[in-house]
Amino acid sequence: MSQLLPINLSRGAPDDTLLEECRLLMQKASDVFFQSGNLAAFQYPPLDGNVKVRDSVAQFLSEQYASDVNSDDLVMNAGCSHGLWVLQKAFMQPGDFVFVEEPTYYHAIRMFERDLKVVGVTTDDEGVDVEMLDELLIECSQKKCQVTIQKPFWAMVYLVPTFHNPTGRCLSMSRCKQLINVLRKHDVLCVCDDVYNCLAFLEEDGPPFIQPAPKRLFSYDNKADSSYLGNVVSNASFSKLLGPGLRVGWMECPKRIKQFLLQSNLLRGNVSHLTSCIIAEMIKMHILQEHVSKCREIYYLRMKAMCAALDKFMPSTVQYWPPKGGYFIWIILPRRVDIDKLFEICKNKVLFRCGYHFSCTQSFRHCIRLSFSYQSPEVIEEGVEKLGVAIKQMLREC
């Protein structure tokens, strides 16, 4: 298979085949919704979103997570990036601290760097190093800004705890419990980027995939605990499940955080009311649930194709770990490989993300991120082969 354009193994998004499925499903649900004569969707929505939409999303998430989601905890947003922006503007002030995983989602780093002091926390196979986070919180608390009624948190922790971008790993159960204690100890806000939670393929034998993703961190922050404060927000969207152009998502919030947001004046015009109602219709018709199941199988097959190609075409000194969900595989190259030079060699053949893009300290210069979401298995194999040829060439020349 030959392509004139470089094979894009960088883009973390649904491809055109899945977007066409999204178009057809949206059209089907739109037809049903418009025939109902419902005019409310053309009006301004409540600040936290249409009640029926929140009920439908809560039902959908409860099924996907196999864990109760209360619609009263939800605030609809215009996608995960918008939700993160709202939370930062509502709770942080210039000069406050934000603690992020090393590595982490590169767009979040760019967003935070404008106003906040970004502090990296190391990670391993179980996720963020909670003991290090605790130590950094103690150290930085000496320089914290004044906490007031208007600004109740002095710091934020930003995580991608499930099928992490870029590594694909999940925060372990023991780390989740440990982390909740640290968040309560310092009373800081924790925002979880939970966009990949529904794209789990945990079964060892392949499809059908019915096992839910690991428990989201929000559910560990139990309201029944005597030490409960409400420190965790689950911020997510339909971008990875349907299409990023829809710009509809949600924040699952503790009561004190939701009340603060409702009073903040940041939620006006925060979501496409009509689009959110059509998505709710998709849930009611059960076609969204069927689509997500199909996406799980498609992404699983693409992930397996990428892993098989990596095993086939990469030198033995290259390391990676097959993910159990999400979009991405994190590749660790020999340290003598210059990834900027590798990118230049490959840019007309195959595209990838350089590891230092995911670091607030420009680290991981021997790592790259590959996405299996955007290409067919055949194109993935061709792209990985081209990348493997370039890496082997560089290793011979080092």
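Scoring rules and cut-offs
- Residues numbered from 1 in each chain as written.
- Predicted model: local features only at pLDDT ≥ 70, side-chain atom pairs only at ≥ 80, totals over all residues.
- Heavy atoms only, no water.
- Helix = DSSP H or I, 4+ residues; strand = E, 2+ residues; numbered from the N terminus.
- Buried < 20%, exposed > 50% of the residue type's maximum accessible area, 1.4 Å probe, protein only.
- Contact = heavy atoms within 4.5 Å.
- Phe/Tyr/Trp six-rings, centres within 6.5 Å; stacked < 30°, edge-to-face > 60°.
- Lys NZ or Arg CZ within 6 Å of the ring centre and 35° of its normal.
- Pairing = 2+ DSSP bridges.
- Axes fitted to C-alpha atoms, helices over the stretch in contact; angles between N-to-C directions.
- Arc of directions from axis to C-beta.
- Polar contact = N/O pair within 3.5 Å; in protein donor to acceptor, adjacent residues only side chain to side chain.
- Patch = residues over 30% accessible without salt bridge, like charges linked within 9 Å, V, L, I, M, F, W, Y side chains within 5 Å.
- Areas by Shrake-Rupley, 256 points an atom, 1.4 Å probe, with all protein chains shown as cover.
- Salt bridge = Lys/Arg side-chain N within 4 Å of Asp/Glu carboxyl O.
- Core = buried A, V, L, I, M, F, W, Y, C linked by side-chain atoms within 4.5 Å.
- Right-handed = clockwise from strand over helix to strand, strands pointing away.

(A) Just the environment of Ala 390, in detail. Mapped onto the secondary structure, Ala 390 falls in helix 12 (residues 377-397). Ala 390 gets classed as buried once you look at its relative accessible area, which sits at 5%. Sequence separation between Ala 390 and Leu 342 is 48 residues; the distance between their C-alpha atoms is 7.0 Å. Among all residues touching Ala 390, those that are not within four sequence positions of it are Leu 342, Ile 345 and Cys 346.

(B) Representation of the packing of aromatic side chains within the structure. For the coordinates displayed, the defined rule picks out 22 aromatic pairs. A network of ring pairs unites the aromatic residues Tyr 105, Tyr 106, Trp 330, Phe 358 and Phe 364 as a single cluster. Cation over ring: Arg 169 sits above Trp 321, and NZ or CZ is 4.8 Å from the ring centre. Positioned above the aromatic ring of Tyr 220, the side-chain terminus of Lys 215 is 4.2 Å from the ring centre.

(C) Up close: the environment of Ser 316. Tracing the sequence through the fold places Ser 316 in the loop between helix 10 (287-313) and strand 10 (328-332). Residues Ser 316 and Met 394, 78 residues apart in the sequence, show an inter-C-alpha distance of 14 Å.

(D) Molecular detail of the sheet that holds strand 9 (residues 249-252). Strand order in the open sheet formed by eight strands is 2-9-8-7-6-3-4-5, with mixed pairing between adjacent strands. Lying at the two open borders of the sheet, with one neighbouring strand each, are strand 2 (74-77) and strand 5 (127-128). With four bridges connecting them, strand 8 (residues 232-237) and strand 9 associate as antiparallel partners. Of the residues in strand 9, the one forming a bridge with Ser 234 is Glu 252. The sheet strands contacting helix 2 (residues 51-65) are strand 2 and strand 9, and the helix crosses strand 2 at an angle near 105°. Contacting strand 2, strand 6 (155-159), strand 7 (189-193), strand 8 and strand 9, helix 3 (residues 80-91) runs over the sheet at an angle of about 150° to strand 8.

(E) Up close: helix 11 (residues 339-346). Taken as a whole, helix 11 has its buried residues at Ile 339, Leu 342 and Cys 346. Projection of helix 11 onto a plane perpendicular to its axis shows the buried side chains occupying an angular sector of 50°, all on one side. Against strand 11 (350-351), strand 12 (353-354), strand 13 (367-371) and helix 12 lie the buried residues of helix 11. With a side-chain oxygen positioned 3.0 Å from the backbone nitrogen of Asp 340, the residue opening helix 11 is Asp 338.

(F) Up close: a nonpolar patch on the surface. Where nonpolar side chains cluster on the molecular surface, the patch consists of Phe 34, Leu 39 and Phe 42 and spans about 360 Å² of accessible area. Here Phe 34 shows up in helix 1 (residues 16-35). Residue Phe 34 is classed as partly exposed on the basis of its relative accessible area of 43%.

(G) Layout of unusual backbone geometry. Put simply, Glu 102 and Pro 103 share a cis peptide bond, and its omega is 5°. Note on placement: Pro 103 falls in the loop between strand 3 (97-102) and helix 4 (106-113). Along the chain, Asn 165 connects to Pro 166 via a cis peptide bond; the corresponding omega equals 25°. The residue Pro 166 is located in the loop between strand 6 and helix 6 (173-186) in this model. Notably, Phe 163 is not glycine yet its phi reads approximately 50°, a positive angle. Inspection of the secondary structure puts Phe 163 in the loop between strand 6 and helix 6. Even without being a glycine, Phe 364 presents a positive backbone phi close to 60°. As for its placement among the helices and strands, Phe 364 is situated in the loop between strand 12 and strand 13.

(H) Structural detail: the environment of Gln 375. Take Gln 375: it is sitting in the loop between strand 13 and helix 12. Judged by relative accessible area, which is 12%, Gln 375 ranks as buried. Along the sequence, Gln 375 and Arg 256 sit 119 residues apart, while their C-alpha atoms lie 42 Å from each other. Apart from the residues lying within four places of it in its own chain, the contact partners of Gln 375 are Ile 7, Asn 8, Leu 9, Arg 302 and Ile 380. Here Asn 8 takes part through its backbone oxygen, which lies 3.1 Å from a polar atom of the side chain of Gln 375.

(I) Region of interest: the nonpolar core. In this structure, Phe 91, Phe 238, Leu 261, Leu 342 and Leu 387 are the most contacted members of the largest nonpolar core, which totals 116 residues. Broken down by element, the residue count for this core peaks at 12 residues, all from helix 10. What Phe 91 contacts, discounting residues up to four positions off in sequence, is Asp 96, Lys 151, Pro 152, Phe 153, Leu 189, Ile 257, Phe 260 and Leu 261. The next biggest cluster of nonpolar side chains, apart from the first, holds 27 residues, and it includes Val 121, Val 128, Ala 155 and Tyr 220.

(J) The pairing of strand 6, seen in detail. With five of five residues buried, strand 6 is to be regarded as a mostly interior element. With four bridges joining them, strand 3 and strand 6 adopt parallel strand pairing. Bridged to Phe 99 within strand 6 is Val 157. Where strand 6 meets strand 7, four bridges bridge the pair, whose relative direction is parallel. Residue pairing in the sheet places Met 156 in a bridge with Leu 189 of strand 7. Read as a crossover between parallel neighbours, the route from strand 6 over helix 6 to strand 7 is right-handed.

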